[in-house]
Amino acid sequence: MTTSTQTLEAVLSWIDEHLEESLVRVEDFLRIPSVGTDPAHDEDTARAAAFASDLLSELGMDSKAHQTPGQPMVMAHDDGPGSGPRILYYGHYDVQPADPLELWDSPPFEPVRVEGDEGPMIVARGSADDKGQLMMFIEAFRAWKAVTGSLPTPVHVLLEGEEESGSESLEPFLRDHVGDLASKVCVISDTGMWDPDTPAITTRLRGIVYLQATLHGPTHDLHSGVYGGAVVNPLNALSRILAQLHDDQGRVQVDGFYDDVEVDEALITEWSALDFDEKGFLATAGLTSSLGEQDRSVLERVWSRPTCDINGIWGGYSGPGAKTVIAAEASCKISCRVVPHQDPVKIMAGLKAFLEARTPTGCRWVFEEHGCNPGICIPTDSPWLQTARESMGQVFDNEAVLIGCGGSLPIVGSFQEILGVDSLLVGFGLDTDRVHSPNENFSVARFRHGVRSHAAMIEAFGNMSS
Ligand code: BES
Ligand code: ZN
């Protein structure tokens, strides 16, 4: 008789024997430049959605790329063995823009394998975030289907193309398909591990409040000799205002910014047991010293403290040579990472009020919001989390640790609010993956571990009560 352990062993062996074919499929996916935020890439983004949907159809799943006002949403269903708890798998097939192109060692959409610290790694935009990671569960499905003819439990799959640009179409889509996506838990692979040998489950995410602000002054660009010294210069004014966002200790000066931030001493003690390599972390950014709230550890600052960062400033002349001009307007993009208990709406209002209160005479602001999402805490006592932890123990030598994440996945809040389902964040990235940066990469070893982990997890989920 075949026991469940023997079946899983057979599936894990199948994954190893067919790893090269899986990697080729990942590389084919990475060749499609699905930059979701850039309309010039809309056709590519649609092609990536079709590619992913076809992969799922090939596996016998009922899959379709649905049109939305934004990028297509891939939704697929599989009834597994006909019983068992239904699991929702989420990933995003859109990628960040690849620029600055000149800083890549090889073209971003022509994946190459390069020798890295963990052995071979695939270098390409999207290799870690998130095409490489979503392919891990698809390849785990493939292995189960190949070895046993079916998945161990029913699943829904949802693959989005707007995650990197604010997921605007996601909430309306979820509201229209609540019934089609009913499930016990949502599994997401878009976060990180603790280190190359230690898997992790993320239980805290920061939210994001994103504001674009343009300060308008004179009706048109002016000669800086004719008008300079006599009129407002929006670029001078904007620089002065933005310089006031932080005090000399790096504390954000927006009114009430820290009012609702809670310090969870127990969690911080738990994290300190992880023995974070601060120097190693800074080295992944080419730095030797940290900056920020000095009375808190670097890990605590990234995982549990709010921030305010200027992401871009522009206006006036930045071409070659000199142009003596006072520009009519100056713009910036500002994002705040917010933590659980902070109200993102209040932070957005506070940020606008901060800018408004400093409006120079004769100027006016035009604001554009690009996201307003809360920080998230995921309950650590869930049986799904315990099961995932145990299953990863079958694949790794080390037990999975519980970690925080400085990044944001606003969809986790939407799944909770609209579908009433908690998420399980089991990702396989590392800080060295250079996500959102030139030379993004993902190691073959971690890809393999990810596929194997998903294969073990889905079997264990199938054994839980539905
Ligand atoms: N996969 C990332 C989130 C992430 C970043 C996880 C770093 C682990 C480490 C995700 O695709 C992402 O970048 N999200 C955006 C969300 C934003 C555009 C609303 C982010 O965090 O900036
Ligand atoms: Zn991502």
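Being a predicted model, the structure only gives us computed values, none of them experimental. All residue numbers refer to positions counted from 1 along the written sequence of the respective chain. Just so you know, chain letters begin at A and ligand numbers begin at 1, following the order they were written in. Local features in this predicted model are restricted to residues of pLDDT 70 or higher, and side-chain atom pairs are both shown and tallied only at a pLDDT of 80 or more, whereas totals for entire chains, interfaces and linings draw on every residue. Note that water and hydrogens are dropped before the side-chain values are worked out from all heavy atoms of the structure.

## Here's the deal with the sheet that holds strand S18 (residues 441–443)
Okay, step 1: Strand pairing follows a simple DSSP-based rule, namely that at least 2 bridges must link the two strands. Every helix listed is a DSSP run of H or I at least four residues long, and every strand listed is a run of E at least two residues long, numbered separately from the N terminus. With antiparallel pairing, the 3 strands of this open sheet are ordered in space as S4-S5-S18. Each edge of the open sheet is held by one strand with a lone partner, namely strand S4 (112–116) and S18. Strand after strand, the sheet turns through a mean of 35° between neighbouring axes, direction not considered.
Okay, step 2: Bridge count between S4 and strand S5 (residues 119–123): 5 bridges; the pairing is antiparallel. Bridge assignment links Gly116 to a residue of S5, and that residue is Gly119.
Okay, step 3: In what follows, residue pairs with any heavy atoms lying within 4.5 Å of each other are defined as contacts. Fitting a line to C-alpha atoms yields each axis, with helices limited to the stretch in contact; the angle taken between N-to-C directions then spans 0 to 180 degrees. Helix H14 (residues 444–462) contacts S5 and S18 of the sheet and is inclined by roughly 65° relative to S18.

## Overview of the nonpolar core
Okay, step 1: Core analysis: the largest hydrophobic core is formed by 65 residues, its most contacted members being Tyr89, Phe141, Val157, Leu159, Leu424, Phe447 and Phe461.
Okay, step 2: By residue number, the principal contributor to this core is helix H4 (residues 131–148), which donates 9 residues.
Okay, step 3: Aside from chain neighbours lying at most four places away, what touches Tyr89 is Phe137, Phe141, Val155, His156, Val157, Leu158, Val187, His454, Ile458 and Phe461.
Okay, step 4: By convention a nonpolar core is built from buried Ala, Val, Leu, Ile, Met, Phe, Trp, Tyr and Cys residues, the set being connected through side-chain atoms within 4.5 Å. When accessible area is computed with a 1.4 Å probe and restricted to protein chains, residues below 20% of their type maximum are described as buried, those above 50% as exposed, and intermediate ones as partly exposed. The next biggest cluster of nonpolar side chains, apart from the first, holds 28 residues, and it includes Ala213, Val254, Tyr258 and Ile347.

## What to know about helix H12 (residues 383–393)
Okay, step 1: Of the positions making up H12, those classed as buried are Trp384, Leu385, Thr387, Ala388, Arg389, Ser391 and Met392.
Okay, step 2: Looking at the buried positions of H12, the neighbouring elements they touch are strand S3 (87–92), strand S7 (185–188), strand S8 (200–205), strand S16 (401–405), strand S17 (423–425) and H14.
Okay, step 3: Under the rule applied, a polar contact is a pair of N or O atoms within 3.5 Å (in protein, one hydrogen donor and one hydrogen acceptor; residues adjacent in sequence only if both atoms are side-chain atoms). Of the residues flanking the start of H12, the one acting as N-cap is Ser382, its side-chain oxygen 3.2 Å from the backbone nitrogen of Trp384.

## Digging into the packing of helix H2 (residues 19–30) against H14
Okay, step 1: Interhelical geometry of H2 versus H14 gives an angle of 105° and a closest axis separation of 11 Å. Judged by the angle between their axes, H2 and H14 are roughly perpendicular. For the pair formed by H2 and H14, the contact residues are Leu19, Ser22, Leu23 and Val26 on the first element and Val444, Phe447 and Arg448 on the second.
Okay, step 2: Per-class residue counts for the contact of H2 with H14 are 5 nonpolar, 1 polar and 1 charged. Angle categories: roughly parallel below 35 degrees, roughly antiparallel above 145, roughly perpendicular from 65 to 115, and oblique for all the rest. In this classification, the charged set is Asp, Glu, Lys and Arg, the nonpolar set is Ala, Val, Leu, Ile, Met, Phe, Trp, Tyr, Cys and Pro, and all remaining amino acids, among them Gly, are polar.

## Observations concerning a nonpolar patch on the surface
Okay, step 1: Think of a patch as exposed residues, more than 30% relative accessible area, with no salt bridge, where like charges cluster within 9 Å and nonpolar side chains (Val, Leu, Ile, Met, Phe, Trp, Tyr) cluster within 5 Å. In short, Shrake-Rupley with a 1.4 Å probe defines the accessible areas, and a residue's cover is counted only from the protein chains shown. Any Lys or Arg side-chain nitrogen located within 4 Å of an Asp or Glu carboxyl oxygen qualifies as a salt bridge. Side chains of Val226, Tyr227 and Val231 sit close together on the surface and give an oily, nonpolar patch of about 260 Å² of accessible area.
Okay, step 2: Note that Val231 resides in the loop between helix H6 (224–227) and helix H7 (234–243).
Okay, step 3: Since its relative accessible area comes to 36%, Val231 is described here as partly exposed.

## Thoughts on a negative patch on the surface
Okay, step 1: Taken together, the side chains of Glu262, Asp264, Glu265 and Glu270 present a region of like negative charge at the surface.
Okay, step 2: Counting through the fold element by element, Glu265 comes out in helix H8 (residues 265–272).
Okay, step 3: Given the relative accessible area of 52%, Glu265 is considered exposed. Within this scheme the basic residues Lys and Arg register as positive and the acidic residues Asp and Glu register as negative, but His and the chain ends are omitted. In plain terms, the charge of a residue is placed at NZ if it is Lys, CZ if Arg, CG if Asp and CD if Glu.

## Brief notes about the sheet that holds strand S11 (residues 309–315)
What links the strands of a sheet is backbone hydrogen bonding, and the strands pair in either a parallel or an antiparallel sense.
Okay, step 1: Pairing is antiparallel across the open sheet formed by 4 strands, whose spatial order is S11-S13-S9-S14. Of all strands in the sheet, those bounded by a partner on one side alone are S11 and strand S14 (364–373). Each strand axis lies, on average, 10° off the axis of its neighbour in the sheet, ignoring direction.
Okay, step 2: The sheet contact formed by S11 and strand S13 (residues 329–338) spans 6 bridges and is antiparallel. Paired with Asp309 across the strands is Ser335, a residue of S13.
Okay, step 3: Against the sheet, H7 makes contact with strand S9 (207–216), S11, S13 and S14, and its axis sits at roughly 20° relative to S13, the strand it touches most.
Okay, step 4: On the sheet, helix H11 (residues 344–356) packs against S9, S13 and S14 and is oriented at approximately 160° with respect to S14.

## A few points about the site of ligand 1
Okay, step 1: Around ligand 1 sit 14 residues in total, of which Glu163, Asp190, Arg337, Ser408 and His436 are the nearest.
Okay, step 2: Contact between ligand 1 and His92: an oxygen atom at 3.1 Å from a side-chain N or O atom of the residue.
Okay, step 3: Interatomic distance of 2.7 Å between a side-chain N/O atom of Glu163 and an oxygen atom of ligand 1.
Okay, step 4: When the free accessible area of ligand 1 is taken as 520 Å², the share hidden by the protein chains comes to 80%.
Okay, step 5: Among the residues forming the shell around ligand 1, the class breakdown is 4 nonpolar, 5 polar and 5 charged. By convention in this text, a residue qualifies as near a molecule or strand provided that one of its non-hydrogen atoms is within 4 Å of it.

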